[in-house]
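# Notes for the structure review
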Amino acid sequence: MWTSEPDRAGVAGGRRAPVARFLMPQDKDIKRLVRARMVGTGERYTDAKAAIDSRPRGEVGRHDEPEATAHPQDALDAYFRAWNAWLRTIAHEARRNTPTWRHDEPKPPVDAARWGALHHPNARVRRDCLNILDHHANDDSLDVFRAALKDPVPRVREIALHGLACERCRTTELCVTDVAPDLIRALQTDSSAKVRHGTVGVLARLAGRNERIVAALRQAATDDEDPFVRQVAQAAVDGRRRDIRSAKALRRRAGPAAIAADKS
Ligand SMILES: [Zn+2]
């Protein structure tokens, strides 16, 4: 049921069979239930479908679908649907920031998010999955963050970098020696100046704990091909925290020419 292509082909190859798109939503929900039941009972499709069809109408719903047996993409779709519905309710009831406003927030499917972060065909979902892992399973998702550093979309790689070195979302202490090589490699080899720029900010925070990081920042300050990356790397080396600006802020300050160059 789970596809887990370890290579990049998985991103494009993770697409579902096109037939699913032509089914009515309700049929799709039922088909999902049938598949879940087949895994649970070992029945053939027709038998599982007959069993599902024979139940009273009101009993057929997503709520009785065991998450563990659903395809991760279905589990993710269901979660994002439920989460958006929850958000609409929050807005409707104007209950945001009351003491218990998140008490019924849907729980994210963490295992499915591990699959989605690397294999979902939509980059936006891969980002959302990395954010789920950052917030709900950071300590146990380092391998996923690491693998996502090879994502073809820069914005996905930025979230992966954040997850790899995020100390706010972890419950155990970050081992800098563990993640430094990945972060340094991103600074030295990532093809996107924006990703390298973001990496400087992450590395600057950890520089006091690792000599190799200081050396890498020093090198980037002189060797990086992007003038803004060199500028923030130098600020990081000098310990000028306030000058380690976001790529956007730096380019805005530099004027319209730099912004045009950034967009090209
Ligand atoms: Zn975080």
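All figures in this text were calculated on a predicted structure; none of them were measured in a lab. (Residues numbered from 1 in each chain as written. Predicted model: local features only at pLDDT ≥ 70, side-chain atom pairs only at ≥ 80, totals over all residues.)

### A closer look at the overall build of the protein
- Each helix and strand counted, the protein has 14 helices and 0 strands in total.
- Secondary structure of the protein in N-to-C order comes out as α-α-α-α-α-α-α-α-α-α-α-α-α-α.
- Buried residues in the protein amount to 30% of all 264 residues. (Helix = DSSP H or I, 4+ residues; strand = E, 2+ residues; numbered from the N terminus. Buried ≥ 20, exposed ≤ 12 C-beta atoms within 10 Å, placed from the backbone.)

### Observations concerning the confidence of the model for the protein
- A residue-level look at the protein finds 73% of positions with pLDDT of 70 or above and a mean pLDDT of 80.
- Confidence drops under pLDDT 50 across residues 1–26; counting only partners more than four residues distant or on other chains, this segment forms 27 contacts.
- In this model residues 56–67 is a low-confidence stretch, pLDDT under 50, and it forms 14 contacts with partners more than four residues away in sequence or in other chains. (pLDDT = per-residue confidence, 0-100. Contact = placed C-beta atoms within 7 Å.)

### Topic: the packing of helix α6 (residues 123–137) against helix α8 (residues 154–165)
- Taken N-terminus to C-terminus, the directions of α6 and α8 make an angle of 5 degrees; their axes are 9 Å apart at the nearest point. The angle between the axes of α6 and α8 places the two elements in the roughly parallel class. Touching A123, R126, R127, L130, N131, L133 and D134 of α6 are R155, V156, I159, A160, H162 and G163, all from α8.
- Counted by class, the contact of α6 with α8 contains 6 nonpolar, 3 polar and 4 charged residues. (Axes fitted to C-alpha atoms, helices over the stretch in contact; angles between N-to-C directions. Parallel < 35°, antiparallel > 145°, perpendicular 65-115°, else oblique. Nonpolar A, V, L, I, M, F, W, Y, C, P; charged D, E, K, R; others polar.)

### Describing the nonpolar core
- Of all hydrophobic cores here, the largest spans 47 residues; its most connected members are L183, V200, L203 and L217.
- Per-domain counts for this core show at least three residues from each of domain 2 (73–173) and domain 3 (175–264).
- Leaving out residues up to four positions away in the same chain, V200 has contacts with L187, L217, A220, V229, V232, A233, A236 and I244. (Core = buried A, V, L, I, M, F, W, Y, C linked by C-beta atoms within 7 Å. Domains from an automatic or database assignment.)

### With respect to the packing of helix α4 (residues 72–93) against helix α5 (residues 110–119)
- It is at 9 Å that the axes of α4 and α5 come closest, and there the two elements cross at 110 degrees. Between α4 and α5, the angle is such that the two are roughly perpendicular. Contacts from P72, A75 and L76 of α4 reach α5 at D111, A112, A113, W115 and G116.
- Within the contact of α4 with α5, the residues separate by chemical class into 6 nonpolar, 1 polar and 1 charged.

### A few points about helix α11 (residues 211–223)
- With 13 residues, α11 should reach 18 Å at 1.5 Å per residue; the first-to-last C-alpha distance of 18 Å fits that figure.
- For α11, every residue scored as buried is listed here: I213, A216, L217 and A220. Angular distribution of buried residues about the axis of α11 spans 100 degrees; they occupy a single face of the element. Summarising the geometry of α11, the exposed residues directed more than 90 degrees from the buried face are E211, T222 and D223.
- Contacts made by the buried residues of α11 are with α9 (176–189), α10 (193–206) and α12 (227–238). (Expected span 1.5 Å × (residues − 1). Arc of directions from axis to C-beta.)

### Digging into the environment of H135
- Locating H135 in the fold gives a position in helix α6.
- As for H135 and R170, which are separated by 35 residues in sequence, their C-alpha atoms are 8.1 Å apart.

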